[in-house]
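Structural overview for review
Residues per chain, in single letters:
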Amino acid sequence: MQAGGWAVTTETPYDETTPLAREVAEITRRRLALADTDLPLPAVTRVITVSNQKGGVGKTTTTVNLAAALARSGARVLVIDLDPQGNASTALGVEHRADTPSVYDVVVGDSPLADVVQKSPEFEQLYCVPATIHLAGAEIELVSLVAREQRLRTALDTFLTTTNEQFHYVFIDCPPSLGLLTINAFVAAREVLIPIQCEYYALEGLSQLLNSIQLIERHLNPQLRVSTILLTMYDSRTNLANQVVSDVREHFPEQVLDTLIPRSVRISEAPSYGQSVISYDEGSPGSLSYLEAAAEIARRGSAA
């Protein structure tokens, strides 16, 4: 009807069947489901190396956000930044200037890990061993050192057995290569988490990585296994992304998480503010996806 020349309508502001309305309802449902979830804590510390020698797959982003998600749920979490770029240190808001005591001093200089651990301002239960620019030369310096593949494991095992409070998770962020730093990470860990982006060439180089992990398992660390594969940068609108998801799940049915990490502006923005997306925008789809992936990891470890 008309009122003063203006059309008056009694319709609702938006139709609940529209795509936007469905998306809002789905995000609300996911948020409520997560709020009602109590995640189990592992009885023994889970040491997880996050690795993929292919760059740009969301490796550091995955490390930081899974660690933050688990710390938010009440777990005590340590992130070891083993990448000379130091991006995980930046995202967790910890100091990592050149003169900062860092993981370099541990793997090359024999400093105790306890001396370089910093508390992240992100969450009460979240800690980080930072990386500095000195780590860029560690590959060369490690060559001549005794037990060069075992140095991180020795330091980490000592730290975990002497610390006053138990850490539930340790995440090790690797450089995008298969050098001595990555080998140290594999030897120190019990599990490997491989992020794979939902794009062309996603599986390229994966066989080489898996072969390297098998060699480490056979000769240096019999406990090592690929426990988790996480699909990142997923765009449901493209046939390619859906095909990659299908292919990876066909090849690795036991390891692939159900949760898909979407392409997200919020996930990309968060590190520039020295934050994970979990604290930067907790209600965003990207944050919810990492919270769901962390819940899957926690439950899988509990069931194992």
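Everything in this summary refers to the structure shown in the same document. (Residues numbered from 1 in each chain as written. Predicted model: local features only at pLDDT ≥ 70, side-chain atom pairs only at ≥ 80, totals over all residues. Heavy atoms only, no water.)

The next thing to look at is the environment of Ala-67. Residue placement: Ala-67 occurs in helix α2 (residues 59-72). On the accessibility criterion, Ala-67 (0% relative accessible area) is buried. Residues Ala-67 and Phe-123, 56 residues apart in the sequence, show an inter-C-alpha distance of 9.9 Å. Beyond its immediate chain neighbours, meaning those up to four positions away, Ala-67 contacts Val-77, Val-79, Leu-126 and Phe-171. (Helix = DSSP H or I, 4+ residues; strand = E, 2+ residues; numbered from the N terminus. Buried < 20%, exposed > 50% of the residue type's maximum accessible area, 1.4 Å probe, protein only. Contact = heavy atoms within 4.5 Å.)

Residues Leu-78, Ile-80, Leu-113, Ile-172 and Ile-194 are the most contacted members of the largest nonpolar core, which totals 52 residues. It is helix α7 (residues 180-188) that contributes the most residues to this core, six residues altogether. Filtering out sequence-adjacent residues up to four positions away, Ile-80 remains in contact with Val-103, Leu-113, Val-129, Leu-152, Leu-156, Val-170, Phe-171, Ile-172 and Asp-173. Counting residues in each nonpolar core, the second largest holds 40 residues, with Ala-71, Val-77, Phe-123 and Leu-288 among its members. (Core = buried A, V, L, I, M, F, W, Y, C linked by side-chain atoms within 4.5 Å.)

Time to look at empty space enclosed by the protein. All chains considered together, the criterion is met by one cavity of 30 Å³ or more. Its volume calculated, the largest cavity comes out at about 30 Å³. Lining the largest cavity are Asn-52, Lys-54, Ile-196, Ala-202, Glu-204, Gly-205 and Leu-206. Partitioning the lining of the largest cavity into residue classes produces three nonpolar, two polar and two charged. (1 Å grid on protein atoms, 1.4 Å probe; cavity = no way out; pocket = protein on both sides within 12 Å on 5 of 7 lines; lining within 4 Å. Points joined across faces, edges and corners; volume = space filled by probe spheres on them. Nonpolar A, V, L, I, M, F, W, Y, C, P; charged D, E, K, R; others polar.)

A side chain of one charge can pair with a side chain of the opposite charge if their charged atoms are brought near each other. All chains considered together, the criterion is met by 16 salt bridges. Of the charged contacts, one joins Arg-72 and Glu-282 as a salt bridge, the two residues approaching to 2.5 Å between their closest N and O atoms. Of this pair, Arg-72 sits in helix α2 while Glu-282 sits in the loop between α11 (277-280) and α12 (285-303); the two residues are 210 residues apart in sequence, bridging distant segments of the chain. Residue Glu-282 is classed as partly exposed on the basis of its relative accessible area, which comes to 38%. Here Arg-237 ties to Asp-235 by a salt bridge, and the two come within 2.9 Å at their closest N and O atoms. Connected via shared salt-bridge partners are Lys-59, Asp-83 and Asp-173. (Salt bridge = Lys/Arg side-chain N within 4 Å of Asp/Glu carboxyl O.)

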